[in-house]
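# Structural overview for review
Take a look at the letters that make up each chain.
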Amino acid sequence: MASAELQGKYQKLAQEYSKLRAQNQVLKKGVVDEQANSAALKEQLKMKDQSLRKLQQEMDSLTFRNLQLAKRVELLQDELALSEPRGKKNKKSGESSSQLSQEQKSVFDEDLQKKIEENERLHIQFFEADEQHKHVEAELRSRLSTLEMEAAQHQAVVDGLTRKYMETIEKLQNDKAKLEVKSQTLEKEAKECRLRTEECQLQLKNLHEDLSSRLEESLSIISEKVPFNDTKYSQYNALNVPVHNRRHQLKMRDIAGQALAFVQDLVKALLNFHTYTEQRIQIFPIDSAIDTISPLNQKFSQYLHENASYVRPLEEGMLHLFESITEDTVTVLETTVKLKTFSEHLTSYICFLRKILPYQLKSLEEECEASLCTSALRARNLELSQDMKKMTAVFEKLQTYIALLALPSTEPDGLLRTNYSCVLTNVGAALHGFHDVMKDISKHYSQKATIELELPTTTQKLITTNDCILSSVVALTNGAGKIASFFSNNVDYFIASLSYGPKTGSGFISPLSAECMLQYKKKAAAYMKALRKVQQSLEKISKLEQEKEHWMLEAQLAKIKLEKENQRIADKLKSTSSGQVVGVAQEKAAVATATGQEEASAKAVPEPVHSASEAPDVESREDLIRNHYMTRIVELTSQLQLADSKSVHFYAECRALSKRLALAEKSKEALTEEMKVASQSISRLQDELTTTKRSYEDQLSMMSDHLCSMNETLSKQREEIDTLKMSSKGNSKKNKSR
């Protein structure tokens, strides 16, 4: 394969080299042609210079000839001037000579006229030839400069191609050498791989034989010793306690906490929306403080007043669901019993939305029937009617899917496990649909509030209420967008976490089995705690046993020292005089009392020394001490290995924590950036709010000025009406008197 790749690479490089060589030939031919053209143009320029020099010489000769003729004309004129007075004197005598001079003059004049005309013609020709020569010279010089530039460019291209060819050839030679070395190494590796393959095949054969023998042995042990396999049947397997995944539980609790925060924001926005809608009904289209509102709006206001009893339970249900997810539980759909409570609260809120929807639509129709309702406002009201219908439909769709997700914790056959991922995907789609509907409501209500602001009967109370409703709708839109994006980001994790359950099974069969599994899990946790306590007690007992052995050895050593001391005293007694015996006896008595105290502290010694005169078995005691220290070394080695394994485990945990810390720092930086962007957007929104407030204040001032002008015009019209009435009364009186 290496030789084939090398040959293919060489063929490609040869093709490229042939192409570049052909291009080089073409470029060389072009350069030669341009050089020939340049030489021809230089010859033409040389010929033109020669013709120019020739014309210059002719011009110089003509100029010299003209000067001679001009001098001759001057001489002739002088002679003529001298001959005229002489002719006057000798007029009578020399008529023949005067006629001769007149003829000569006419001849000279004609000759002079011809010379002048010829001189003028030569001047014109010389000027034209000079101009043409200059023009041709300029053209030739420009063409020569362009040709020189092109020749330089072509030469640069040729030099670059030559340099490129040389580099390519050198590179190809280096590649060839490298490929040859690589082919040799690959051949060596291929030989080594063949040898290793043969060895691996032998090892695989041996392993296969070993595993087959072990499998037969294991099957025989299982058939003889194991009464039944509980993982074979799903009903029994569902009762097995799965492996505790602490990360999974912490992740689910974190996700539930985020969902709780989003639901709390959503509940707050819904409460504000329904409350401000009720406040708007009380003041528009009829203000309840001035007149009685319609019975329809009264009923609608009564229903909206009850919104808290339907909206608040949503937050409570989500809070109970969050509290049910702890570190010690197993969180899957079969164990989340509190999801059913949240689904029931959502169902009650859907019933509330269905109850108020007809009244809301009729209330919007009543606003459209008002006398001050414009066509644009009527169109916005119709759009809001459609949006309210869509909002109720989206909530119904969302409640349907959440009710389906709550079925596995109450009814085992309510939802198949294969449909979990589809239902979760549809929940995400429903949340995105809710976000889209809220964006439409926000857009249309903003347009409606802008139109109502321009109405002449709009009060400040209505403007404030509209602003509050609009802010609650914006909060609903933001909350819906956040919860939709949050669910979309975690839907893959939800789908993947559904497999979290008993091993080698499809999951929990029924809510009862899930509850039994949780009870078994608690019992298993208690059993593990008891085992841990027993292990601690055993470790404490072993430690006490080791201390006991230590003190036994210490007592044995003390006994040996005592025997040696007694022997030394006896030897000393034999070698000393009788006068010294008394002192030695006292010393012996003191030593005996100390030894008695040591014996009292070592009552647990299995083989105590009964007599001081008994010969000590030094070798057996040394063996006992050696064995004790050997066992102690073995124990310390095992403890050291355990400490090493713990240190490796702690090192892995520290690495994981450092990675998590780095990820947390990155997320912190991202959040700081988002916070900066959010602060910038907040400042921008505040600026826009101030500008809108100023514009609203300007509009209000303009409207107040307009109202003042209208009041003035109305007062003037009233005065005119009064004057007309007075005048009509006076006329009627006059008519009556007449």
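In the block above lies the structure referred to throughout.
A few points on the structure. (Residues numbered from 1 in each chain as written. Predicted model: local features only at pLDDT ≥ 70, side-chain atom pairs only at ≥ 80, totals over all residues. Heavy atoms only, no water.)

## Section: the nonpolar core
Spelled out, the test is: As used here, the term nonpolar core means buried Ala, Val, Leu, Ile, Met, Phe, Trp, Tyr and Cys residues forming a set that is joined through side-chain atoms within 4.5 Å. Note on classification: 1.4 Å probe, protein chains only; a residue is buried when its accessible area is under 20% of the maximum for its type, exposed when over 50%, partly exposed between these limits. Helix numbers and strand numbers start at the N terminus; a helix is a DSSP run of H or I with at least 4 residues, a strand a run of E with at least 2. Should any heavy atoms of two residues lie within 4.5 Å, those residues are counted as being in contact.
Counting 68 residues, the largest nonpolar core has Y349, M391, F395 and I441 as the members making the most contacts within it. Considering each element in turn, this core owes the most residues, 14 residues, to helix α4 (residues 246-283). Apart from the residues within four sequence positions on either side, M391 is in contact with L270, V437, M438 and I441.

## Describing helix α5 (residues 295-304)
Selection rule: Directions are taken from the helix axis to each C-beta atom, and the arc is the one they span.
Residues of α5 that are buried include every one of N297, F300, S301, Y303 and L304, and no others. When α5 is viewed along its axis, its buried side chains cluster within an angular range of 160 degrees and face the same direction. Along its buried surface, α5 packs onto α4 and α7 (338-368).

## Details of the pattern of salt bridges
Quick note on the threshold: One speaks of a salt bridge when a side-chain nitrogen belonging to Lys or Arg is within 4 Å of a carboxyl oxygen belonging to Asp or Glu.
Per the counting criterion, the structure on display carries 14 salt bridges. For K439, the salt bridge is made with D436, and the minimal N-O distance between the two is 3.8 Å. Of the two residues, K439 and D436 both sit in helix α9 (residues 420-453), three residues apart, roughly one turn of that helix. Connected through salt bridges with shared partners, the residues R280, E367, K448 and E452 form a single ionic network.

## Observations regarding the packing of aromatic side chains
Rule in force here: For this analysis, a ring pair means two rings from Phe, Tyr or Trp (six-membered ring only for Trp) whose centres lie within 6.5 Å, classed as stacked if their planes differ by under 30 degrees, edge-to-face if by over 60, and tilted for the remaining angles. Geometrically, a lysine NZ or arginine CZ counts as sitting over a ring once it is within 6 Å of the ring centre and also within 35 degrees of the ring normal.
Summed over all chains, the structure comprises seven aromatic pairs. Linked through ring pairs, Y310, Y349, F352, F395 and F434 together constitute an aromatic cluster. Just above the ring of Y493 sits the side chain of K251; from NZ or CZ to the centre is 5.5 Å. Above the plane of the ring of F322 lies R253, whose end atom (NZ or CZ) is 4.4 Å from the centre.

## So, the environment of A475
Within the element layout of this structure, A475 appears in helix α10 (residues 460-497). Among the residues examined, A475 registers a relative accessible area of 36% and is labelled partly exposed. Along the backbone, A475 and F273 are 202 residues apart, and their C-alpha atoms lie at a distance of 9.4 Å.

## Here's the deal with the side chain of H274
By the element assignment, H274 lies in helix α4. A residue is classified by how much of its surface remains accessible, and H274, at 2% relative accessible area, is buried. With near-sequence residues (within four places) excluded, H274 lies in contact with L304, N307, V311, Y349, F352, L353 and I356.

## Considerations on the environment of N381
Here N381 is to be found in helix α8 (residues 375-406). Overall, N381 belongs to the buried group, its relative accessible area being 1%. Remark: the alpha-carbon pair of N381 and S363, spanning 18 residues in sequence, is separated by 9.8 Å. Dropping the residues within four chain positions of it, N381 is found in contact with L364, E367, C368, C373 and K448.

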